Amino acid sequence: RALRRRERGLPQALVPQLETAQYAQLSPSRAYASASDVRSVDMDRGGQYLMVAHSKTIVEIYETLRPPQIATGEPLPILRSISAKHVHSAVTGVRWYTHDTGMFFTSGPEGKMAVWDTNQGECVIEFDGLFETREPIRMHAPSRLVEAHTLIAVASKNPEIALCDIRTGSKTQRLSYHRHGVRSVDWSPRSQYVLVSAGDDACVLVWDIRRCTHPLRRLESESSKHRGGGVVASFTPAGYSILTVGDDRRVFLWDAVSGARSTLHFPRLADEGTKLRREIAFSSCGLGAHAFVPSRQAVCVLNLRTGAIESKLTGHYNTITGVLSHPARPELYSYGPQDGILAWALPPGEAVRIDAVPDDDEDAWSE
């Protein structure tokens, strides 16, 4: 059938449908051992190691290649546990180094960011005094590109973004334009110099760090902009678009180059009144046609081609603050400060069901 579709000029006609079917059939597969009071989660590019940050100064590492413990409900054991109490009063953010898992980064409420040697379990660099006031760091982000620079973008409750160089161990630049604190920062998957930031001022800015005195553009229009409260923003996996989610429950998709808003109209999320930092994710084992957004106790699966909410994954009893997508298979990890981590996967032996292909699309070898 795939060859027949290719002959007719429709080589990827089934892929979006297959991806939709995969994520619609996800179900809770396992929890994680002592993963309570979870503040941040990250996975390496190969999808082998899951790193978890706790507010109690503990960083835990799990191996995700082990088979899901669906039948017994047994949580996965911890591969390694690292104490960060001599650096942070609490660990509120973790990120793997883009190049390999031999290095990772942490941040805390005292305004510090630290660089760690994974094998030794030791802090090798501390970035302190990044901002004039010691506000809690909300997010830190290394570049997505392997061959890129060694800068880490750091966001806090201060109305500016700090760029730290792990080669020199110092802050190199400061991006100032937000009127209030910055909630999220994310590097472009296509350009090592482009960065998007979003803050408590409902402002979404695209930056070129080679010209740091002023942002390239502000993502808004007269008819389409976030109104009141904070916003988080993230590039889609291909880097052509930027998804923004606000406290006003509105979701927008923007062109990353022109800054124009997509004509898609997403339904408003059902979490009015909540003002939590949340991390969003995208499908990464297909076409990247879906986004996963926490909304109260559920994860909304948004179709980025139609603007519809395909499904809602429910399994948490308390508010979800973040979700992570596995880079190689249809699997998600949702978490919150009270429920810990819940992994979502296809049930064992479950085939991905899609609508049948019409009879006139049968291949030339069918009998």
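Residues numbered from 1 in each chain as written. Predicted model: local features only at pLDDT ≥ 70, side-chain atom pairs only at ≥ 80, totals over all residues. Heavy atoms only, no water.

Enquirer: Is there a simple way to think about the side chain of Asp 208 in this case?
Expert: Positionally, Asp 208 belongs in strand E16 (residues 204-208). A residue is classified by how much of its surface remains accessible, and Asp 208, at 7% relative accessible area, is buried. (Helix = DSSP H or I, 4+ residues; strand = E, 2+ residues; numbered from the N terminus. Buried < 20%, exposed > 50% of the residue type's maximum accessible area, 1.4 Å probe, protein only.)

Enquirer: Would you mind going over the environment of Trp 344 with me for this structure?
Expert: By the element assignment, Trp 344 lies in strand E27 (residues 340-345). What makes Trp 344 buried here is its relative accessible area of 2%. A C-alpha to C-alpha distance of 4.5 Å links Trp 344 and Pro 28, two positions 316 residues apart in sequence.

Enquirer: Teacher, can you tell me more about the sheet that holds strand E8 (residues 113-117) here?
Expert: Hydrogen bonds along the backbone pair up the strands of a sheet, which may run parallel or antiparallel. With antiparallel pairing, the 4 strands of this open sheet are ordered in space as E6-E7-E8-E9. If you trace the sheet from one side to the other, it starts and ends with strand E6 (93-96) and strand E9 (122-127), each paired once. The average angle at which neighbouring strand axes cross in this sheet is 25°, direction not considered. Where strand E7 (residues 103-107) meets E8, 5 bridges bridge the pair, whose relative direction is antiparallel. Bridging across to E8, Phe 104 finds its partner in Trp 116. (Pairing = 2+ DSSP bridges. Axes fitted to C-alpha atoms, helices over the stretch in contact; angles between N-to-C directions.)

Enquirer: Would you explain the layout of surface pockets in this entry?
Expert: Any empty space left between atoms is shown by rolling a water-sized probe over those atoms. Approximately 1000 Å³ is the volume found for the largest pocket. Residue lining of the largest pocket: 33 residues in total, with Asp 42, Met 43, Arg 144, Asp 186 and Leu 324 positioned closest to the centre. Secondary structure elements with two or more residues in the lining of the largest pocket: strand E2 (38-43), E6, strand E10 (137-142), strand E14 (182-187), strand E18 (231-235), strand E21 (281-282) and strand E25 (322-325). Partitioned by chemical class, the residues of the lining of the largest pocket number 19 nonpolar, 6 polar and 8 charged. (1 Å grid on protein atoms, 1.4 Å probe; cavity = no way out; pocket = protein on both sides within 12 Å on 5 of 7 lines; lining within 4 Å. Points joined across faces, edges and corners; volume = space filled by probe spheres on them. Nonpolar A, V, L, I, M, F, W, Y, C, P; charged D, E, K, R; others polar.)

Enquirer: Would you mind showing me how to read the confidence of the model for the protein here?
Expert: Reading predicted coordinates in detail is not appropriate for stretches of low pLDDT. Model confidence for the protein is summarised by a mean pLDDT of 82, while 79% of its residues fall at 70 or above. Mean pLDDT per element in the protein: helix H1 (residues 2-7) is the minimum at 49, and E8 is the maximum at 97. A low-confidence stretch, residues 349-367 stays under pLDDT 50, and its non-local contacts, those more than four residues away or across chains, total 27 contacts. (pLDDT = per-residue confidence, 0-100. Contact = heavy atoms within 4.5 Å.)

Enquirer: Would you mind going over the nonpolar core with me for this structure?
Expert: The tendency in soluble globular proteins is for nonpolar side chains to be buried as a group. Grouped together as the largest cluster of nonpolar side chains are 16 residues, with contacts concentrated most on Ala 153, Ile 161, Leu 163, Val 185, Trp 187 and Leu 195. For this core, the secondary-structure elements that each account for two or more residues are E10, strand E11 (151-156), strand E12 (160-165), E14 and E16. Contact partners of Val 185, with chain neighbours within four places excluded, come to Met 139, Ala 141, Ala 153, Ala 155, Ile 161, Leu 195, Val 196 and Ser 197. By size, the runner-up hydrophobic cluster in this structure holds 15 residues, among which are Val 251, Phe 266, Phe 282 and Leu 304. (Core = buried A, V, L, I, M, F, W, Y, C linked by side-chain atoms within 4.5 Å.)

Enquirer: What is the right way to look at the pairing of E14 in this model?
Expert: Every regular strand shows the same layout, with side chains that alternate between the two sheet faces. Taken across its 6 residues, E14 has 6 buried, putting it largely inside the fold. As judged from the 5 bridges shared by E14 and strand E15 (residues 194-199), these two strands associate in the antiparallel manner. Within the sheet, the bridge partner assigned to Val 182 lies in E15 and is Gly 199. What sits between E14 and E15 in their antiparallel hairpin is a turn of 6 residues.

Enquirer: Before we go on, may I ask you to explain the pattern of salt bridges in this structure?
Expert: Pairs may arise between side chains of opposite charge once their charged atoms sit close together. In the structure shown here, the tally under the stated rule is 13 salt bridges. With its nearest N and O atoms 3.1 Å apart, the salt bridge here joins Asp 37 to Arg 39. Sharing partners across several salt bridges, the network here consists of Arg 138, Arg 183, Asp 200 and Asp 247. (Salt bridge = Lys/Arg side-chain N within 4 Å of Asp/Glu carboxyl O.)

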